[in-house]
Amino acid sequence: MNRRTSIHGAAIALVAASVGLVSSTPVEAQQWAPPQESPTIRARNTGRRGTGGGTPADTRGTFIIDGALSIWSVDGPEPVDDDGAVFFSTLFGFRYDIVPVFELEVQGGFALASPDEGDTQVNLSNILVGGFYVLRAASWRLRIGGGIGLPTAQIDEDDLGEAAAEAGNLVVAGGQRGAFDFALWFPETLSFQLPSARFVYYANPQISLMAEAAMSIFVDVSDDFDRDTEVGLQMAFDFGFHPSAAISLGARLNLVFVDHDDFVFIDDDTFQASLEPHFRVNFGAGFFFTRLTINLDEPFGFAFDDGRIWAIHLGGGADF
């Protein structure tokens, strides 16, 4: 059995196990409880895509848009002019509770690069689809499952110069998020995010704590690159302060390791740490958020040094 067949078998086994858990859960455990967690795209909670004070008990889904903007520059030696570019990337997220104990999540978007000299570059991200078994309690929530990254991020394999520009555009979009969920931006790659877990604890109505971790397997699906299958690990920790139901703020620490030579942006470094202070405002079923991604070390940091990456995020969404 080859490596790729084994990975597909693991993904099928995970889905089968999740279905079995759903079907075996007692009716009492399937009653709707007020959501009290901070998933990637959940509204009204701490998390890297916003923060808030708790969704309505009858909310089963969330739609969110997250836009990231970076201005990148490198000071060149005289008389060479400085090189620079504006990078913008957008993620669209959708979360829905199919049944009270099983949650579906879909993410996807695009990356845009506008250099000082040259043509504007636009690339689609991969599409990341996840399924999660959810346990709820009065003061905590645990989500366990995994996801598959469909290889929709394509680059021009016939033109090496164009391929480098397109791959760089996608890599910077990943850097705008501290390389977290890099499966979204890894071109010509089928990925498996298995396992993935997130735990959120509400110490009191004003304070929430979150921790999450996932392992990713990246499988090359390109025609010409012939890359090895690689592994990535990611962790995050989030602190949220909720002074009211309308306003929340906090900070998130991301720690990401991707064992891949092509992940290198400027330096030969495959570990990335980043800090993200965030702020959120809720209004009715809608919400607005902003956050700042500060890459702390190489390859994308320190964020505000010459040739490194930071990003300001603006976004919003709604519960339904």
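So, here is what we can say about the structure in this document. (Residues numbered from 1 in each chain as written. Predicted model: local features only at pLDDT ≥ 70, side-chain atom pairs only at ≥ 80, totals over all residues. Heavy atoms only, no water.)

A look at the layout of surface pockets
The space that makes up the largest pocket amounts to roughly 280 Å³. What lines the largest pocket is a set of 15 residues, and nearest its centre among them are F87, A113, A165, G168 and N169. Put simply, the parts of the chain that give the lining of the largest pocket at least two residues each are strand 2 (83-99), strand 3 (102-115) and helix 2 (160-175). Of the residues forming the lining of the largest pocket, the biggest block, six residues, is contributed by helix 2. Residue composition of the lining of the largest pocket, by class: nine nonpolar, four polar and two charged. (1 Å grid on protein atoms, 1.4 Å probe; cavity = no way out; pocket = protein on both sides within 12 Å on 5 of 7 lines; lining within 4 Å. Points joined across faces, edges and corners; volume = space filled by probe spheres on them. Helix = DSSP H or I, 4+ residues; strand = E, 2+ residues; numbered from the N terminus. Nonpolar A, V, L, I, M, F, W, Y, C, P; charged D, E, K, R; others polar.)

Some thoughts on unusual backbone geometry
That bond from L194 to P195 is cis: its omega, -10 degrees, falls within 30 degrees of zero. Along the chain, P195 turns up in strand 7 (residues 189-204). In this model, E298 is joined to P299 through a cis peptide bond whose omega is 15 degrees. Looking at the element boundaries, P299 is found in the loop between strand 12 (286-295) and strand 13 (310-319). In this model, A179 sits at a positive phi of 70 degrees, which is unusual for a non-glycine residue. You can see A179 is positioned in the loop between helix 2 and strand 7. The phi dihedral of D181 is positive, around 55 degrees, even though this residue is not glycine. Here D181 lies in the loop between helix 2 and strand 7.

Points about the environment of F304
Take F304: it is sitting in the loop between strand 12 and strand 13. F304 sits in the partly exposed class, given a relative accessible area of 47%. Sequence separation between F304 and I294 is ten residues; the distance between their C-alpha atoms is 8.0 Å. (Buried < 20%, exposed > 50% of the residue type's maximum accessible area, 1.4 Å probe, protein only.)

What to know about a negative patch on the surface
The grouping of D119, D158, D159, E162, D223 and D224 at the surface amounts to a negative patch. Relative to the helices and strands, D159 is located in the loop between strand 6 (140-150) and helix 2. (Patch = residues over 30% accessible without salt bridge, like charges linked within 9 Å, V, L, I, M, F, W, Y side chains within 5 Å. Areas by Shrake-Rupley, 256 points an atom, 1.4 Å probe, with all protein chains shown as cover. Salt bridge = Lys/Arg side-chain N within 4 Å of Asp/Glu carboxyl O. Lys, Arg positive; Asp, Glu negative; His and termini not counted. Charge placed at Lys NZ, Arg CZ, Asp CG, Glu CD.)

Describing the environment of L255
Within the element layout of this structure, L255 appears in strand 10 (residues 247-258). For the pair L255 and A273, spaced 18 residues apart in sequence, the C-alpha separation works out to 4.7 Å. With near-sequence residues (within four places) excluded, L255 lies in contact with L233, Q234, M235, F237, F271, Q272 and A273. (Contact = heavy atoms within 4.5 Å.)

Examining the pattern of salt bridges
It is possible for side chains bearing opposite charge to pair when their charged atoms get close. Scanning all chains against the criterion turns up eleven salt bridges. In this structure, the salt-bridge partner of R136 is D97, at a minimum N-O distance of 3.3 Å. Taken together, the residues span a long stretch of sequence, with R136 in strand 5 (residues 127-136) and D97 in strand 2 at a distance of 39 residues. A salt bridge links R291 to E276; the shortest N-O distance between them is 3.3 Å. Of the two residues, R291 sits in strand 12 while E276 sits in strand 11 (residues 271-283), which places them 15 residues apart along the sequence. Just as R291 is buried, E276 falls in that class too. Within the structure, one salt-bridge network assembled from shared partners comprises R95, D97, E103, E105, R136, R141 and R143.

Section: the packing of aromatic side chains
Counted by the stated rule, this structure contains ten aromatic pairs. On the numbers, 5.9 Å between centres and 15 degrees between planes, the contact of F94 with F320 is stacked. In this pair, F94 is assigned in strand 2 and F320 in the segment after strand 13, connecting sequence segments 226 residues apart. Residue classification places F320 among the partly exposed residues on the basis of a relative accessible area of 46%. An aromatic cluster is defined as three or more aromatic residues linked by ring pairs; in this entry it consists of F94, Y96 and F320. Note that R143 overlies the ring of F132, its terminal NZ or CZ placed 3.6 Å from the centroid. (Phe/Tyr/Trp six-rings, centres within 6.5 Å; stacked < 30°, edge-to-face > 60°. Lys NZ or Arg CZ within 6 Å of the ring centre and 35° of its normal.)

Focus on empty space enclosed by the protein
Tallying each qualifying case throughout the model produces four cavities of 30 Å³ or more. Taken as a whole, the second largest cavity holds about 50 Å³ of empty space. In terms of lining residues, the second largest cavity is bounded by A179, D181, F182, A183, S216, F218, G232, L233, Q234, V256, F257 and V258. In the lining of the second largest cavity, the residues fall into eight nonpolar, three polar and one charged.

Details of a nonpolar patch on the surface
Together, L69, I71, V86, F88, F283, F288, I312 and L314 line one region of the surface with nonpolar side chains, adding up to about 690 Å² of accessible area. Listing elements by their share of the nonpolar patch, those giving two or more residues are strand 1 (61-74), strand 2 and strand 13. By the element assignment, F283 lies in strand 11.

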